[in-house]
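# Breakdown of the fold
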Amino acid sequence: MSAKQLDPLDLYDIRSELSEDEVMVKDSVGRFVDDRVIPLMQEAFEKHVFPRHLVAEVAELGLLGSSIEGYDCAGLNSVSYGLICQELERGDSGLRSFVSVQSSLVMYPIHAYGSEEQKQRWLPAMARGEAIGCFGLTEAHGGSDPGNMKTHAKRDGDDWILNGSKMWITNATIADAAVVWAMTEEGVKGFIVEKDMPGFETQEIENKFSLRTSITGALFFDNVRIPEASVLPGVSTLKGPLGCLTQARYGISWGVIGAAQACLDEALRYSEDRVLFDRPVAHTQSMQIRLADMARRITTSQLLSLRLGRIKDKGELSPSQVSLAKWNNCRAALDIARDARDILGAAGISAEYVPIRHMLNLESVITYEGTETIHQLVIGQELTGVNAFG
Ligand SMILES: Cc1cc2nc3c(=O)[nH]c(=O)nc-3n(C[C@H](O)[C@H](O)[C@H](O)COP(=O)(O)OP(=O)(O)OC[C@H]3O[C@@H](n4cnc5c(N)ncnc54)[C@H](O)[C@@H]3O)c2cc1C
């Protein structure tokens, strides 16, 4: 048996399972996060601002729409996309949310369901960070039940007239284009609504205690006239938006591992330095059990997401497999962040340390893209064949 020193944040040596290209992606995004993201996130969180100058920098690194081939996108595999999310969220869930929305919820549907003209117009600009997108599915009366959407569009000659509103939309007030899902007589359709179209308004949701470095807002549509050329031609059922959510949820399952790693890292350092009753608190049995439990949860999350990524790259991914990882990994990360906050004692409530920021962020991450209950019901349906949502 070798006495090899294990990496506390990677006990099963996931790194050795990665290809050379995947390691390169992980390390270059990791360096960017260490140098450019972590130093400014505490202040950005306290001031409740999205550090917008980072958009050009993540674009320069090829992190926007990174899974798309062509259209000035990087064409990376799914594991690389996961590693990007993990490293970004080690910095802050807000920046990872920006990249997830732009990549999985806006560029993905334009690429998967859009016309060639729509792809040419939007994808290269979005990859370069010159155009920002948002994704409007949730409505105020209940995000878990998107089939009950009230936002609707009617044909009027060659155009469509869109009415309704969307709530809790990431990037709402900074988006150049919103991919909006609306009910029509022909089913659920996706509309690319541009920021200066008459009748389209946005409003920021202020005073959030979570995801304070990310912009969240509402979208309002009052008889917005939309040309047929701005309707996504490739889909007219709820499968359209749900397909986007599968992409984004996959990335989130990786992302939250980064937040959990940042919390374990801080808890390890703090409990080693903190001397109580004449010894570092890390040397007590009960503290070691708590730290071990964090490592167990991180390791199982890493294994789930890596396996999921390999399945996705084979093109065999099922949405219920993504639900299992999103549920497990968000729950694990949130529990780790809450416990790390407690391990730091009073210091744990200070913005000087990362756990409370990650903990507050993860309260959003466990809710958006399907709450824990929704993912449990997706898996229940997979196991029993019975839809128990209603
Ligand atoms: C910071 C942030 C950013 C977001 N960004 C976006 C975005 O960019 N685009 C977008 O479209 N949406 C976005 N959302 C919305 C998000 O996806 C929804 O909040 C989420 O789907 C839950 O919807 P809801 O908040 O309306 O909760 P509800 O659907 O009202 O759920 C309330 C509670 O009921 C539970 N519940 C639901 N159904 C059942 C059931 N069948 N049985 C038992 N319990 C049930 C839920 O688990 C939850 O605990 C964002 C949300 C946040 C917080």
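Attention in this report is confined to the structure presented alongside it. (Residues numbered from 1 in each chain as written. Predicted model: local features only at pLDDT ≥ 70, side-chain atom pairs only at ≥ 80, totals over all residues. Heavy atoms only, no water.)

## A word on the site of the ligand
The condition that has to hold: To be near a molecule or strand, a residue needs just one of its heavy atoms within 4 Å of it. For this analysis, a polar contact is any N or O atom pair within 3.5 Å, provided that within protein one partner can donate a hydrogen and the other can accept it, and provided that sequence-adjacent residues contribute only side-chain to side-chain pairs. Using a 1.4 Å probe, accessible areas were evaluated by the Shrake-Rupley method; residue-level cover was limited to the displayed protein chains. Residues are grouped as follows: Ala, Val, Leu, Ile, Met, Phe, Trp, Tyr, Cys and Pro are nonpolar; Asp, Glu, Lys and Arg are charged; every other residue, Gly included, is polar.
In the region of the ligand, 20 residues are neighbours, and Thr138, Gly143, Ser144, Trp168 and Thr371 sit closest. In the environment of the ligand, a nitrogen atom lies 2.8 Å from a nitrogen or oxygen atom belonging to the backbone of tryptophan 168. Threonine 371 has a polar side-chain atom sitting 2.6 Å from an oxygen atom of the ligand. Across the complex, the protein chains shield 69% of the 990 Å² of accessible surface that the ligand would expose by itself. Looking at side-chain class alone, the shell around the ligand contains 9 nonpolar, 10 polar and 1 charged residues.

## Regarding unusual backbone geometry
With glycine set apart, most residues show a phi of negative sign, and most peptide bonds adopt trans. What counts is decided by this rule: Helix numbers and strand numbers start at the N terminus; a helix is a DSSP run of H or I with at least 4 residues, a strand a run of E with at least 2.
For tyrosine 71, which is not glycine, the phi dihedral falls at a positive 55 degrees. Examined against the element boundaries, tyrosine 71 turns out to sit in the loop between β1 (69–70) and β2 (73–74).

## Side note on the packing of aromatic side chains
So the rule is basically this: Here is the rule: rings of Phe, Tyr and Trp (six-membered ring for Trp) pair when centre to centre is within 6.5 Å. Planes less than 30 degrees apart are stacked, more than 60 are edge-to-face, and the remainder are tilted. Accessibility here uses a 1.4 Å probe with only protein chains present; expressed as a share of the type maximum, an area under 20% marks a residue as buried, one over 50% as exposed, and anything in between as partly exposed. A ring is scored as having a charge over it whenever the NZ atom of a lysine or the CZ atom of an arginine sits within 6 Å of its centre and within 35 degrees of its normal.
Tallying each qualifying case throughout the model produces 8 aromatic pairs. The interplanar angle of 35 degrees and the centroid separation of 5.2 Å between the aromatic rings of phenylalanine 50 and phenylalanine 98 together place this pair among those described as tilted. Taken together, the positions of phenylalanine 50 in the loop between α1 (20–47) and α2 (54–60) and phenylalanine 98 in helix α4 (residues 93–113) put the pair 48 residues apart, joining distant regions of the chain. For the pair phenylalanine 50 and phenylalanine 98, one class covers both residues: buried. Ring centres of tyrosine 108 and tyrosine 113 lie 6.2 Å apart, and the angle between their planes is 80 degrees; on these two criteria the pair is classed as edge-to-face. Ring-pair connections join several aromatic residues into one group, and the members of that group are Tyr108, Tyr113, Phe135 and Trp181. Looking at arginine 212, its charged tip hangs above the ring of phenylalanine 45, at a distance of 5.7 Å from the centre.

## Focus: the pattern of salt bridges
Oppositely charged side chains may form a pair once their charged atoms are brought near each other. Which entries qualify depends on this criterion: Whenever a carboxyl oxygen of Asp or Glu lies within 4 Å of a side-chain nitrogen of Lys or Arg, that contact is scored as a salt bridge.
Per the stated rule, a full pass over the model turns up 31 salt bridges. Of the charged contacts, one joins aspartate 34 and arginine 90 as a salt bridge, the two residues approaching to 3.1 Å between their closest N and O atoms. Of this pair, aspartate 34 sits in helix α1 while arginine 90 is found in helix α3 (residues 78–91), placing the two residues 56 residues apart along the sequence. Classification of arginine 90 by relative accessible area gives buried; the value is 17%. Between aspartate 265 and arginine 269 there is a salt bridge; the shortest N-O distance is 3.1 Å. Highlighted residues: aspartate 265 and arginine 269, both in helix α6 (residues 239–273), separated by 4 residues, approximately one helical turn. Residue classification places aspartate 265 among the partly exposed positions, given a relative accessible area of 30%. Judged by its relative accessible area of 46%, arginine 269 is partly exposed. Among the charged side chains, a salt-bridge network with shared partners connects Asp293, Arg296, Arg297, Arg331, Asp335 and Glu372.

## A word on the packing of α4 against α6
Here is the rule we go by: Note on geometry: axes are lines fitted to C-alpha atoms, helical ones only across the stretch in contact, with angles between N-to-C directions running from 0 to 180 degrees. Here is the rule for handedness: rotate from the far helix to the near one, and if that takes an anticlockwise turn smaller than a right angle the crossing is left-handed, while a clockwise turn gives right-handed. Residues are treated as being in contact if the distance between any of their heavy atoms lies within 4.5 Å.
Two numbers describe how α4 lies on α6: the axes approach to 9 Å, and their chain directions differ by 145 degrees. Of the two possible hands of crossing, α4 and α6 adopt the one that is right-handed. Residues Arg96, Ser104, Leu105, Tyr108, Pro109 and Tyr113 of α4 form the contact with α6, whose own contacting residues are Lys239, Gly240, Gly243, Cys244, Leu245, Gln247, Ala248, Ile252 and Gly255. Taken together, the residues of the contact of α4 with α6 break down into 8 nonpolar, 5 polar and 2 charged.

## With respect to the state of the cysteines
Under the convention used in this document: Any two cysteine sulfur atoms within 2.5 Å of one another count as a disulfide.
Enumeration according to the criterion identifies 0 disulfides in this entry. Cysteine 85 supplies the cysteine sulfur nearest to cysteine 73, a cysteine that is in no disulfide, at a spacing of 15 Å. A disulfide-free cysteine, cysteine 330 has its sulfur positioned 12 Å from the sulfur of cysteine 85, the nearest such atom.

## Description of the side chain of glutamate 89
Along the chain, the position of glutamate 89 falls in helix α3. Given a relative accessible area of 0%, glutamate 89 falls into the buried group. At 2.7 Å, the side chain of glutamate 89 forms a polar contact with the side chain of serine 93. In this structure the side chain of glutamate 89 is engaged in a polar contact, spanning 2.4 Å, whose partner is the side chain of arginine 96. Leave out the neighbours within four places in its chain, and glutamate 89 touches Arg96, Gly255, Val256, Gly258, Ala259, His358, Leu362 and Val365.

## Points about α4
Three or four residues apart is the spacing at which side chains of an α-helix point the same way, because the helix has 3.6 residues per turn. To keep things clear, this is the line we draw: For a helix, the expected span equals 1.5 Å multiplied by the number of residues minus one. Values of bend correspond, residue by residue, to the angle between axes fitted over the seven residues ending at that residue and the seven starting there.
The terminal C-alpha atoms of α4 lie 28 Å apart, and with 21 residues this matches the ideal 30 Å at 1.5 Å per residue to within 8%. Along α4, the sharpest change in direction is near 35 degrees and occurs at methionine 107; proline proline 109 comes one to four residues later. Counting buried positions along α4 yields 18 of 21 residues, so the element is predominantly enclosed. Between a side-chain oxygen at the N-terminus of α4 and the backbone nitrogen of glycine 94 the separation is 2.7 Å; the capping residue is aspartate 92.

## Side note on the environment of glycine 348
Along the polypeptide, glycine 348 turns up in the loop between α8 (319–343) and α9 (355–365). Linking glycine 348 and leucine 362, residues 14 residues apart in sequence, is a C-alpha distance of 16 Å.

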